[in-house]
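# Notes for the structure review
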Amino acid sequence: MYGIIATWRMALEGISEADKMLANQSNAKDAIETAIKAVEDFEFYKSVGYGGLPNEEMEVELDAAFMDGDTLDVGCVGAIKDFANPVSIARKLSTYPVNNFLVGQGAEKFAHRHGFQRKNMLTERAQIHYHNRVVETSKDTELKPYSGHDTVGMVCLDSFGSMTSATSTSGLFMKHPGRVGDSPVSGSGFYVDSKVGGASATGLGEDVMKGCVSYEIVRLMKEGMHPQLACEKAVKEFDLELKERRGKAGDMSLIAMNNKGEWGCATNIEGFSFAVATEKEKPTVYLVKFDENGKQYFEQASKEWMDQYMASRTAPLIRK
């Protein structure tokens with residue numbers, strides 16, 4: 001059995017590439033890196049990689065992580081600028097015994113020394129988004145971070161039983177320079193153990209980091225829980241915990257896959273989508289829905305929804 005699962009519809013093209021690789025006996029490391037890079041390189045996905053939305057000083061700062069479920073080796077970068085594929089830099093970092101989490105200039109120096117591609121990640125579309133956000137904000141009002149934070153997070157299983165997890169994001173739109181969210185933080189934004197399974201998160205990093213939700217899902221799977229039940233239990237309990245202590249809980253959506261290729265997803269928001277492919281299932285996008293009792297269920301995305309999704313993301317932007 002092999003498989004790959006990812007947050008959001010934007011991962012579909014990437015996991016489709018990975019699915020072909022896995023079917024041809026590729027390893028989970030190469031497959032997940034390929035899948036993440038496909039998202040990073042597509043400029044119309046404004047929350048990851050090239051075309052990612054900038055911070056309050058109109059600089060694109062990226063976070064990424066890579067974890068090997070066989071060895072538990074981890075590589076993470078935070079607030080890195082002007083490099084094309086932060087997930088590849090994170091993967092390289094994971095091969096070292098120390099210095100596995102680098103941020104800012106330190107991450108950039110490491111990337112430069114190891115020959116990674118330099119690239120101005122600020123696109124014209126992102127500049128228009130920035131300008132329009134400034135115009136929309138009153139001069140008398142503090143320019144606050146935009147609430148969108150669509151990290152791409154993945155878990156991958158190859159036919160040899162090895163597993164990986166990886167994330168990539170540009171984080172909060174209009175964030176303070178140097179802000180790093182949960183995405184590159186092991187146990188929060190991601191976690192994987194080939195003996196058990198893996199999980200990854202997307203949402204408001206400041207709240208996701210208040211609990212090690214990805215690790216908790218893996219822990220529950222280790223106790224024998226199915227990925228779906230593990231996701232539902234971890235997300236529901238932490239959502240309630242935050243509301244009890246703070247009065248509210250930020251967006252939080254998690255996906256998981258175990259070492260049998262079984263998968264799960266849970267969220268506390270409307271409109272969440274995820275993509276999955278396994279040896280038994282072609283690459284598919286699912287939408288998370290809620291019934292009248294608040295119980296979530298999955299619905300395969302229709303062609304109309306898929307067409308509208310891409311049309312809305314590639315539509316021309318008008319500068320206000």
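A short tour of the structure in this document, coming up. (Residues numbered from 1 in each chain as written. Predicted model: local features only at pLDDT ≥ 70, side-chain atom pairs only at ≥ 80, totals over all residues. Heavy atoms only, no water.)

## Some points on the pairing of strand E8 (residues 197-203)
- Counting buried positions along E8 gives 7 out of 7 residues, so the element sits mostly inside the fold.
- Bridge analysis of strand E7 (residues 190-193) against E8 gives 4 bridges, and the strand direction is antiparallel. Opposite Asp193, over in E8, you have Gly197 as the bridge partner.
- Bridge analysis of E8 against strand E9 (residues 252-258) gives 7 bridges, and the strand direction is antiparallel. Bridge pairing links Ala199 to Ala256 in E9. (Buried < 20%, exposed > 50% of the residue type's maximum accessible area, 1.4 Å probe, protein only. Helix = DSSP H or I, 4+ residues; strand = E, 2+ residues; numbered from the N terminus. Pairing = 2+ DSSP bridges.)

## What to know about the packing of helix H2 (residues 28-40) against helix H3 (residues 86-93)
- Their axes nearest at 8 Å, the elements H2 and H3 cross at an angle of 150 degrees. Between H2 and H3, the interaxial angle falls into the category roughly antiparallel. Facing H2, whose interface residues are Lys29, Asp30, Glu33, Ile36, Lys37 and Glu40, H3 presents Pro86, Val87, Ser88 and Arg91.
- Grouping the constituent residues of the contact of H2 with H3 by class yields 3 nonpolar, 1 polar and 6 charged. (Axes fitted to C-alpha atoms, helices over the stretch in contact; angles between N-to-C directions. Parallel < 35°, antiparallel > 145°, perpendicular 65-115°, else oblique. Contact = heavy atoms within 4.5 Å. Nonpolar A, V, L, I, M, F, W, Y, C, P; charged D, E, K, R; others polar.)

## As for the pattern of salt bridges
- Tallying each qualifying case throughout the model produces 15 salt bridges.
- One salt bridge in this structure joins Arg91 and Glu33, with 2.6 Å as the shortest N-O distance. Here Arg91, found in helix H3, pairs with Glu33, found in helix H2; they are 58 residues apart in sequence, far enough to count as distant. Taken individually, Arg91 and Glu33 each receive the classification buried, so the pair is uniform in this respect.
- The structure contains a network of salt bridges with shared partners spanning Asp30, Glu33 and Arg91. (Salt bridge = Lys/Arg side-chain N within 4 Å of Asp/Glu carboxyl O.)

## Describing the sheet that holds strand E6 (residues 163-169)
- Taken in spatial order, the 9 strands line up as E4-E3-E2-E6-E5-E1-E11-E12-E13 in an open sheet, and their pairing is mixed. Whereas interior strands pair on both sides, the edge strands pair on one side only; in this sheet they are strand E4 (101-103) and strand E13 (296-300). Mean inter-strand twist for the sheet, computed between neighbouring axes without regard to direction, equals 15 degrees.
- Sheet topology note: the strand E11 (residues 273-278)/strand E12 (residues 281-290) ladder contains 5 bridges and is antiparallel. When the sheet's bridge partners are listed, Phe274 is paired in E12 with Tyr286.

## Details of unusual backbone geometry
- The phi dihedral of Leu72 falls on the positive side, at around 70 degrees, and the residue is not glycine.
- By secondary structure assignment, the location of Leu72 is in the loop between strand E2 (62-68) and strand E3 (74-80).
- Even without glycine at this site, Met174 takes up a positive phi of about 70 degrees.
- Relative to the helices and strands, Met174 is located in the loop between E6 and E7.

## A short note on the sheet that holds E8
- If you walk across this open sheet you meet the 4 strands as E7-E8-E9-E10, and the pairing is antiparallel. Whereas interior strands pair on both sides, the edge strands pair on one side only; in this sheet they are E7 and strand E10 (263-267). The sheet shows a mean angle of 10 degrees between the axes of neighbouring strands, direction not considered.
- Along the sheet, helix H7 (residues 213-222) contacts E7, E8 and E9; its crossing angle with E8, the most-contacted strand, is approximately 150 degrees.
- Contacts from helix H8 (residues 227-246) reach E9 and E10 within the one sheet, and its direction differs from that of E10 by about 20 degrees.

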